Amino acid sequence: GNTEFFSSVHQMSKLVQLESVLLQQMQKYIKINENKLDFLKDRLAMLERDNREALEEGLNYFDSPLNKYYLTKRLTVDWARIENIMQHESGKKTLNRIAKYESTNHYPENSELDGAIAGFLRIQEVYRLKTADMAQGILDGVKYNISLDARLCLDIAKYAAKENNMRFTHSWALEALKRLQDPAEVSNNPTAVLAEKLEVAEILELLATSKKNLGDLKGANQTYAELVQLRPDIENYTREYLVFLKENVHKEYVSVDLSDEHEPLPADLHSTDQFTRYKHTCNGLLKQSPSEERELRCGYLTETDPFLLLAPLKAEELNHHPLLVLYHDVLSDAEIEIMKGLSDNRIVRATVAGINGSVVSELRTSQFVFMPRTAHKLLEAIDVRAEQMTDLNMEYSEDHQFQNYGIGGHYGQHYDWFQSEDLLISSREMGNRIATVLFYLTDVEQGGGTAFPFLKRLLMPKKGDAAFWYNLHADGVGDLRNLHGGCPIIVGSKWVLNRWIRENIQSDRRPCELWPDSCRDCA
Ligand SMILES: O=C(O)CCC(=O)C(=O)O
Ligand SMILES: [Fe+2]
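1. Comments concerning the packing of helix α6 (residues 150–162) against helix α7 (residues 166–181)
For the pair α6 and α7, interaxial distance at closest approach is 8 Å and the crossing angle is 160 degrees. Taken together, α6 and α7 sit at an angle that is classed as roughly antiparallel. Of the two elements, α6 crosses α7, and the hand of that crossing is left-handed. Along its contact with α6, which presents A150, C153, L154, I156, A157, A160 and A161, the element α7 presents M166, F168, T169, W172, A173, E175, A176, R179 and L180. When its residues are assigned to classes, the contact of α6 with α7 shows 13 nonpolar, one polar and two charged.

2. With respect to the sheet that holds strand β14 (residues 450–452)
Strand order in the open sheet formed by four strands is β11-β17-β14-β15, and the pairing between neighbours is antiparallel. Whereas interior strands pair on both sides, the edge strands pair on one side only; in this sheet they are β11 (411–414) and β15 (457–459). Strand-to-strand, the axes of this sheet are offset by a mean angle of 15 degrees, without reference to chain direction. Where β14 meets β15, three bridges bridge the pair, whose relative direction is antiparallel. Bridge pairing in β15 links A451 to L458. In the packing of helix α13 (residues 274–282) onto the sheet, contacts are made with β11, β14, β15 and β17 (484–486), and the angle to β11 comes to roughly 125 degrees.

3. Here's the deal with the site of ligand 1
Taken together, 13 residues surround ligand 1, and among them Y405, T450, H484, K494 and N498 come closest. At 2.5 Å, a side-chain N or O of T450 approaches an oxygen atom of ligand 1. Between ligand 1 and the protein, one listed contact pairs an oxygen atom with a side-chain N or O atom of N498 at 2.7 Å. Starting from 290 Å² of accessible surface for ligand 1 in isolation, the protein chains cover 100%. Elements represented by at least two residues in the shell around ligand 1 include exactly β10 (400–405), β11, β17 and β19 (495–502).

Rules used throughout
Residues numbered from 1 in each chain as written. Chains lettered and ligands numbered in written order. Predicted model: local features only at pLDDT ≥ 70, side-chain atom pairs only at ≥ 80, totals over all residues. Heavy atoms only, no water. Axes fitted to C-alpha atoms, helices over the stretch in contact; angles between N-to-C directions. Helix = DSSP H or I, 4+ residues; strand = E, 2+ residues; numbered from the N terminus. Parallel < 35°, antiparallel > 145°, perpendicular 65-115°, else oblique. Left-handed = near helix turned anticlockwise from the far one by under 90°. Contact = heavy atoms within 4.5 Å. Nonpolar A, V, L, I, M, F, W, Y, C, P; charged D, E, K, R; others polar. Pairing = 2+ DSSP bridges. Near = heavy atom within 4 Å. Polar contact = N/O pair within 3.5 Å; in protein donor to acceptor, adjacent residues only side chain to side chain. Areas by Shrake-Rupley, 256 points an atom, 1.4 Å probe, with all protein chains shown as cover.

Written as structure tokens, this is what we have:
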């Protein structure tokens, strides 16, 4: 099927139901076959006894006409019945039922494993987690009741190698080897023993390749030597080793410490490339200094609507230029339940806008659905609230976009405003996205903040809160400082609601000015 699971925790939770149905069927299948085998075992015992007796007595056995009759009966009627039973495909009904589940439900495909591993490595990279910790189920300091076996560690190493991430290839291969050589692990998992020899060779090859690529020539040489000694029969390994020796014949075999699976932290986080800045905004290393924060205001917003004098909005200013505001407690739990009910069975894999239409991308691993505000009166009420929060006219806003993230789910840094004229085409008359209101419909246990690397701000999702920012300068030009993204989620199912407000009806609200673009920090 084309339903994808790993990109939405909500979707994945449906799989648990499917799995329990399958397990029930499996139980039935075993029971039916057990009955059949028990019956056959009984018969076998009886027939063996008769047969033994006949063997022992030799020709005397046939003195009795009754025995002649019994032997004949055993080999005709009895045997036919037994053969019939043995041939009977017990549990066929159950198998058919399972096949029917498979054709009427969506199953994850093998390729989903790659998506899940990609999410796992994304978490590791962004939050700088140790491989040894993750393999034991320790995620950002919290211990979970899972640990990864050698096979999975090897799969992760292979994936990292495919992505050319040599540091992770090295650390995960090492972890796989450690597990394979641990006697406790091996006795726990007898199938691992069968495959052990091959896997050790596979792991050594990954280790040698990654050491070579990371400049650890001494280590690579040792590992290659070990590999060809373990599997002299595999020509490929010998060939690889020879290539290595030839390539490095004039070089000194230096040794490099690879115990840290992460790139060293740059001395100055501010002046790094965009992605590095983004990662360190997500993990909290890059943030506003106390003096930068001093100017910001916090308080109750009452200016925009007389009603708010009675029920003021709790606003926290997170950045002044450009404006980024976090509103607290703007949605109730009951409202959120209604919204999730409206959207949860309709979400599909998220896409990003491209010149040739919308495409699925690793940049955005989540699932979403657009709902028109006419779908429920609550959505209209939300817009009234958004209008109070932003003082913008909501009439030209897009449909409500609900979004749920998956394993390591994220939305890489991006602008909400359309950078290309072409992308505006579908709704040019509405103009570009002047502002965004991002509602948080859940807390997230670990990770999953919204990061603004240029503003050095990380907003942690809190159920019922909403963020508001302008995407455009007052003169309508896209504001480069509002680059942002949804950081990878470590643990939790994150739901958000996007309101994208368009510019072409706002002239009375936010008069067009020619503000200078004070974008010193922008790349
Ligand atoms: O999920 C988040 O925190 C950010 C989402 C976002 O930026 C978007 O959907 O445009
Ligand atoms: Fe966004």
